[in-house]
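Letter by letter, the chains look like this.
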Amino acid sequence: MDGMNDNLIVGPSVSTSEGPSEFEASNYIITSEFYNSYASSTPHGSLFWVPNGPEENRLSIGQKFKTLESAIQAYTEYAEKYGFDTRLSTQKQDKDGNIKIKYILCNKAFAPENVSVDTLDEKDSGKQKRNSNVQKTDCKARVRFRLSDEKDCYILYNFEDRHNHELVSSEYKHLLRKRRKLDDMEEKFIHRVASNNIGATRGHNVLSSIRGSRYLVHGTITDFKNCRRNLNVFIENNELSAFFWADETAKCNYEAFGDIISFDATYRTNKYCMVFVLFTGMDNHRKCVTIGAGMIAKENIESFTFLLEIFLKAFKKQPNIIVTDQDPAMKVAVSKVFTESKHRLCTWFVEM
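Residues numbered from 1 in each chain as written. Predicted model: local features only at pLDDT ≥ 70, side-chain atom pairs only at ≥ 80, totals over all residues. Heavy atoms only, no water.

### As for the overall build of the protein chain
Piece 1. Each helix and strand in the protein chain was counted, giving nine helices and 17 strands.
Piece 2. Expressed as a percentage of the 352 residues in the protein chain, the buried residues total 36%.
Piece 3. Taking contacts inside the protein chain between residues at least 6 apart in sequence as the whole, the part at least 24 apart equals 57%.
Piece 4. Carbon and sulfur atoms form 50% of the exposed surface of the protein chain, whose accessible area is close to 22,400 Å². (Helix = DSSP H or I, 4+ residues; strand = E, 2+ residues; numbered from the N terminus. Buried < 20%, exposed > 50% of the residue type's maximum accessible area, 1.4 Å probe, protein only. Contact = heavy atoms within 4.5 Å. Areas by Shrake-Rupley, 256 points an atom, 1.4 Å probe, with all protein chains shown as cover.)

Next up, the structure:
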């Protein structure tokens, strides 16, 4: 039993995902008092693992959700509770543009990629194999949601909860992707300790001591190092060179009035001599509403691309139309990042 997942129950074959029956459970070897999965085997001898817990914590076919976001969140929380990560997959839209079908998979889905690069071949010599800590096992665990006929909710119509890999035990759940995501306070902490010449490793240890345990800190030492690296990308000569800002009000504005947005850079009218970039939309009263804002040190392709990429990361979707002036750097950045949006020029700039 050494090295076995401490949340695992090992036993004979079961054909359902509802957990072992009373008779079957008597033949299982329980390796922990607090288990969240059990293992079984197919007639061919292949093992699979099924999340196991209270009925109220489980998802069920036919379950309804008011929005697609709440459906995705429900499965994400289910995955976190039982020890696996998820990834968004295929979606289909109806003629009105509404998402009618959405797939969410286990992050170990699809067959392992066998990537080989021949460095002696001139065509392949410049290629690099992508490093990843996610090992794909062609796991078939997934859920499928569909839009109801009345288009007022999303229904869970397909649910496969058998995994062909062990689930993460309670001891290592803090290493799941969702729990490793750093929050705003932790990013500020990394920046502040870095300003006092404290490295990422020592900073992680200090924050773990403050909170009482490393399990209460989001992310690992590597995540702290990556965050500090990302912060340094936009700091040149110890000066900030770019940032983007959007609050919850701006997100609500984009959700309601984000079909067409204007993307404009003003003069360096602030004491930091940085270019102020404003994202605006128009509400139902033909009044301008703020979608987001940023500041950049240089009006070049790299800076505009950074702003648009962070914009897309914050709002999750591209606008239908984006309006800019005739800046050639903006044109390149828009075509590079907003691949689904229509780019138009403001007539005021054209007529000048």
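### Quick word on helix α3 (residues 184–195)
Piece 1. End to end, α3 covers 17 Å across twelve residues, agreeing with the expected 16 Å (1.5 Å per residue, within 8%).
Piece 2. Listed in full, the buried residues belonging to α3 are Glu186, Phe189, Ile190 and Val193. Along α3, the residues classed as buried sweep out an arc of 100° about the axis, all on the same side. Turned more than 90 degrees off the buried face of α3, the exposed positions are Asp184, Lys188, Arg192 and Ser195.
Piece 3. Measuring from the backbone nitrogen of Met185 back to the side-chain oxygen at the start of α3 gives 3.3 Å, which picks out Asp183 as the cap.
Piece 4. In the stretch just after α3, Asn197 is the one whose phi turns positive, near 60°. (Expected span 1.5 Å × (residues − 1). Arc of directions from axis to C-beta. Polar contact = N/O pair within 3.5 Å; in protein donor to acceptor, adjacent residues only side chain to side chain.)

### Notes on unusual backbone geometry
Piece 1. Backbone geometry places Lys151, a non-glycine residue, at a positive phi of 60°.
Piece 2. By the secondary structure assignment, Lys151 is in the loop between β8 (142–147) and β9 (154–160).

### Some thoughts on a nonpolar patch on the surface
Piece 1. A cluster of nonpolar side chains, Leu240, Phe243 and Trp245, forms an exposed patch at the surface whose accessible area comes to about 290 Å².
Piece 2. With respect to the element layout, Trp245 can be found in strand β12 (residues 242–245).
Piece 3. Overall, Trp245 belongs to the partly exposed group, its relative accessible area being 44%. (Patch = residues over 30% accessible without salt bridge, like charges linked within 9 Å, V, L, I, M, F, W, Y side chains within 5 Å. Salt bridge = Lys/Arg side-chain N within 4 Å of Asp/Glu carboxyl O.)

### Describing the sheet that holds β9
Piece 1. In spatial order, the strands read β5-β9-β8-β7-β6; together these five strands make up an open sheet with antiparallel pairing. Each edge of the open sheet is held by one strand with a lone partner, namely β5 (64–65) and β6 (86–93).
Piece 2. For strand β7 (residues 99–106) and β8, the ladder comprises five bridges, and the chain directions are antiparallel. Across the sheet, Ile101 pairs through a bridge with Arg146, a residue of β8. (Pairing = 2+ DSSP bridges.)

### Notes on the packing of aromatic side chains
Piece 1. Taken as a whole and assessed by the stated rule, the structure comprises 16 aromatic pairs.
Piece 2. When the ring of Tyr75 is compared with that of Tyr78, the centres are 5.9 Å apart and the planes differ by 20°; the resulting orientation is stacked. In this pair, Tyr75 and Tyr78 are both assigned in helix α2 (residues 68–82), three residues apart and thus about one turn of the helix distant.
Piece 3. Under the relative-accessibility criterion, Tyr75 is labelled buried at 1%.
Piece 4. Judged by centre distance (6.5 Å) and plane angle (90°), the ring pair of Tyr75 and Phe159 falls under edge-to-face. Residue Tyr75 is found in helix α2, and its partner Phe159 is found in strand β9; the two are separated by 84 residues along the sequence. There is no split in this pair, since Tyr75 and Phe159 are both buried.
Piece 5. The rings of Phe244, Tyr254, Phe263, Phe279, Phe304, Phe311, Phe315 and Phe338 are connected pair by pair, giving a single aromatic cluster. (Phe/Tyr/Trp six-rings, centres within 6.5 Å; stacked < 30°, edge-to-face > 60°.)

### Overview of the environment of Asn226
Piece 1. With respect to the helices, strands and loops of the structure, Asn226 is situated in helix α5 (residues 221–233).
Piece 2. Residue Asn226 is classed as partly exposed on the basis of its relative accessible area, which comes to 29%.
Piece 3. Considering only alpha carbons, one finds Asn226 and Ala200, 26 residues apart in sequence, at a separation of 8.9 Å.

### Points about the sheet that holds β12
Strand pairing in a sheet is mediated by backbone hydrogen bonds. Such pairs are either parallel or antiparallel.
Piece 1. If you trace the six strands from one edge of the open sheet to the other, you get β12-β15-β14-β13-β16-β17, paired in mixed fashion. Only two strands of the sheet have a single neighbouring strand rather than two, namely β12 and β17 (342–345). Ignoring strand direction, the axes of neighbouring strands in this sheet form an average angle of 20°.
Piece 2. Where strand β16 (residues 321–324) lies against β17, four bridges are found, and the strand directions are parallel. Bridge pairing in β17 places Ile322 opposite His343.
Piece 3. Each of β13 (260–265), β16 and β17 is contacted by helix α8 (residues 328–337), which is oriented at about 140° to β13, the strand it contacts most. (Axes fitted to C-alpha atoms, helices over the stretch in contact; angles between N-to-C directions.)

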